[in-house]
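Spelled out from the first residue to the last, the chains are:
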Amino acid sequence: MRPNSQELKRKSSHDTEREFGGTLGAIGIPIFLPLTVLFLISTSRSPEASVLQWPPSLPSTDQLWDPLALVVLLCWIALHALLYLTPLGKVSEGLVLRDGTRLKYPINGFHGLCITGVLLMFLVGLGAPLGYLFELLLPLAVCAIAVSFLFSVYLYIRSFLAPSHALALGGNTGNPLYDFFIGRELNPRIGNFDLKYFCELRPGLIGWVVINLGMLMKEVELRGSPSLAMILVNSFQLLYVADALWNEEAVLTTMDIVHDGFGFMLVFGDLAWVPFAYSLQAGFLVVHPQALSSFRAAIIIALNGIGYYIFRKSNSQKNQFRRDPSHPSVARLETIATATGKRLLVSGWWGLVRHPNYLGDLLMALAWSLPCGFSHLLPYFYVIYFTILLIHREDRDERQCRTKYGLAWDTYCRRVPYRIFPYLY
Ligand code: NDP
């Protein structure tokens with residue numbers, strides 16, 4: 001049944017809790033997080049690389065702006081928009097929307113990654129100085145932040161033209177600051193081009209591994225060859241990105257696509273935070289090279305492997321179960337019924353903890369920081385931040401599941417008492 005606009009208004013302003021600290025968060029986060037990105041990049045390349053140094057070493061204005069960065073960023077986004085439109089791969093349908101329809105999405109992100117890889121090899125072969133990304137990183141981040149703000153303003157304005165059933169329930173509170181931040185429209189599209197789906201896994205995620213590669217090339221320029229630590233960071237994060245794009249279809253059932261509106265929070269996260277904050281370890285290693293013994297490297301590789309195994313197996317198990325509960329790989333798992341008709345897994349990976357996929361992700365996050373040694377806290381920013389993010393995300397997801405499944409969710413929580421870390425949390 002289609003809710004009318006009054007129904008939507010009533011539901012969102014009274015029933016929906018404001019997330020991320022409400023209005024205060026909606027004002028503070030868009031100021032604090034962009035500054036954090038710039039702080040992380042400039043601190044990681046300072047000799048001390050200390051998070052405790054106060055005041056932090058501030059970059060000069062000419063370090064922040066370079067017109068070349070804007071050209072590179074816009075060309076990069078245009079390239080990925082073009083790759084998105086390329087008729088490669090299959091087309092999948094998303095979940096059923098409130099108006100009963102389903103949107104179609106091209107599943108060609110992995111093709112995009114491979115084509116980008118070939119293009120880069122070609123450019124490097126022609127002598128393109130990929131290592132120059134190191135010098136261009138701060139201005140690139142500034143441009144990505146500016147583009148995120150402008151794009152979010154566009155999304156906010158155009159959301160007023162969208163029909164009420166196309167709005168996200170949580171992003172329609174009537175408070176402009178909060179709605180701008182959290183996102184009003186659920187699936188903004190220009191024709192068939194889905195803006196949120198495009199940004200989720202493409203320019204930012206692929207941009208992240210290209211920045212990493214740029215840092216590796218910079219290391220080669222400076223020291224003649226890449227270090228083992230840099231190779232590990234590049235390989236682990238490339239595996240993570242390739243995995244996300246290989247399993248691109250799974251993004252269609254995530255909270256970001258199904259539940260959240262497309263506003264500053266997701267735009268900034270996709271276009272600025274992921275590529276520029278997640279490449280911190282590689283940037284750090286350019287200026288602070290670390291010796292890594294084969295033994296330590298082997299332990300770190302094993303940790304990343306275990307994390308990846310848990311992450312992939314648990315995500316695949318749930319996706320398979322949601323797509324086809326009678327599939328032989330999941331049919332024998334124990335489940336409990338819910339009033340919605342959907343069932344919840346209570347054995348297998350989802351019987352170990354309530355978010356085994358987060359556990360695997362966090363083990364990998366630790367493995368990405370360890371190649372940077374123990375002399376600095378800064379490269380551990382990612383694992384610390386990610387732990388906070390996933391604990392908060394887990395809490396949001398639990399609240400949504402409790403609303404969806406009621407008593408059945410409580411039964412699940414009793415059967416599987418730990419949220420992410422067995423016997424700890
Ligand atoms: P999840 O894949 O964890 O999905 C949560 C949903 O799964 C719930 O809403 C519920 O939805 C379903 N579910 C929960 N418990 C059960 C159960 N016992 N049986 C069956 N279904 C269950 O969502 P996320 O989008 O948070 O995470 C996806 C992946 O992305 C994770 O691996 C995460 O680590 C990663 N991630 C990475 C980030 C990064 O920045 N690198 C950021 C965020 C996530 P329903 O019942 O409606 O199907």
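Residues numbered from 1 in each chain as written. Predicted model: local features only at pLDDT ≥ 70, side-chain atom pairs only at ≥ 80, totals over all residues. Heavy atoms only, no water.

Colleague: What is the right way to read the packing of aromatic side chains from this model?
Modeller: The relative placement of two aromatic rings is captured by the distance of their centres and the angle of their planes. Applying the stated criterion to the full structure yields 35 aromatic pairs. Consider the rings of Tyr 240 and Trp 368, whose centres lie 5.0 Å apart with planes at 80 degrees: the pair is edge-to-face. Separated by 128 residues along the polypeptide, Tyr 240 in helix 10 (residues 228–246) and Trp 368 in helix 17 (residues 356–369) bring together distant segments of the chain. In this pair, the class of Tyr 240 matches that of Trp 368, namely buried. Here the guanidinium or amino end of Arg 45 rests over the ring plane of Phe 134, the centre of that ring lying 4.0 Å away. Note that Arg 189 overlies the ring of Tyr 105, its terminal NZ or CZ placed 5.0 Å from the centroid. (Phe/Tyr/Trp six-rings, centres within 6.5 Å; stacked < 30°, edge-to-face > 60°. Helix = DSSP H or I, 4+ residues; strand = E, 2+ residues; numbered from the N terminus. Buried < 20%, exposed > 50% of the residue type's maximum accessible area, 1.4 Å probe, protein only. Lys NZ or Arg CZ within 6 Å of the ring centre and 35° of its normal.)

Colleague: Even after reading the chapter, I still don't get the domain arrangement of the chain, so can you show me in this structure?
Modeller: For an interface, size is often stated in terms of accessible area lost upon the parts coming together. For the chain, the assigned domains read domain 1 (22–53 + 61–218 + 262–283) and domain 2 (292–424). The distance between the C-alpha centroids of domain 1 and domain 2 comes to 25 Å. Every contact between the two is made by twelve residues of domain 1 and, on the other side, eleven residues of domain 2. Between domain 1 and domain 2 lies a buried interface of about 1,100 Å² when both sides are counted; carbon and sulfur atoms form 74% of it. On inspection of domain 1 and its partner domain 2, the count reaches zero salt bridges. For the interface between domain 1 and domain 2, the tally reads four residue pairs in polar contact (both at pLDDT 80 or more). Taken together, the elements giving at least two residues each to the side of domain 1 that touches domain 2 come down to helix 2 (22–44) and helix 13 (280–287). Tallying contributions element by element places helix 2 first for the side of domain 1 that touches domain 2, with four residues. (Domains from an automatic or database assignment. Contact = heavy atoms within 4.5 Å. Buried area = accessible area lost by both parts, 1.4 Å probe. Salt bridge = Lys/Arg side-chain N within 4 Å of Asp/Glu carboxyl O. Polar contact = N/O pair within 3.5 Å; in protein donor to acceptor, adjacent residues only side chain to side chain.)

Colleague: Just to check I follow, could you spell out the site of the ligand for this structure?
Modeller: Taken together, 25 residues sit near the ligand, with Arg 322, Tyr 358, Asp 361, Asp 397 and Tyr 405 positioned nearest. Take Asp 397: an N or O atom from its side chain is 2.6 Å from an oxygen atom of the ligand. Measuring from an oxygen atom of the ligand, one finds a side-chain N or O atom of Lys 404 at 2.6 Å. Coverage of the ligand by the protein chains reaches 85% of its 920 Å² of free accessible surface. Among the secondary structure elements, those contributing two or more residues to the shell around the ligand are helix 14 (294–323), strand 6 (343–345), helix 17, helix 18 (381–405) and helix 19 (407–415). Element by element, the count of residues in the shell around the ligand is highest for helix 18, at eight residues. (Near = heavy atom within 4 Å. Areas by Shrake-Rupley, 256 points an atom, 1.4 Å probe, with all protein chains shown as cover.)

Colleague: Looking at this structure, I do not really get a nonpolar patch on the surface. What am I missing?
Modeller: Judged by side-chain polarity, Val 51, Leu 52, Leu 377, Ile 384 and Ile 388 come together as a nonpolar surface patch covering roughly 510 Å² of accessible area. Here Ile 388 lies in helix 18. On the accessibility criterion, Ile 388 (57% relative accessible area) is exposed. (Patch = residues over 30% accessible without salt bridge, like charges linked within 9 Å, V, L, I, M, F, W, Y side chains within 5 Å.)

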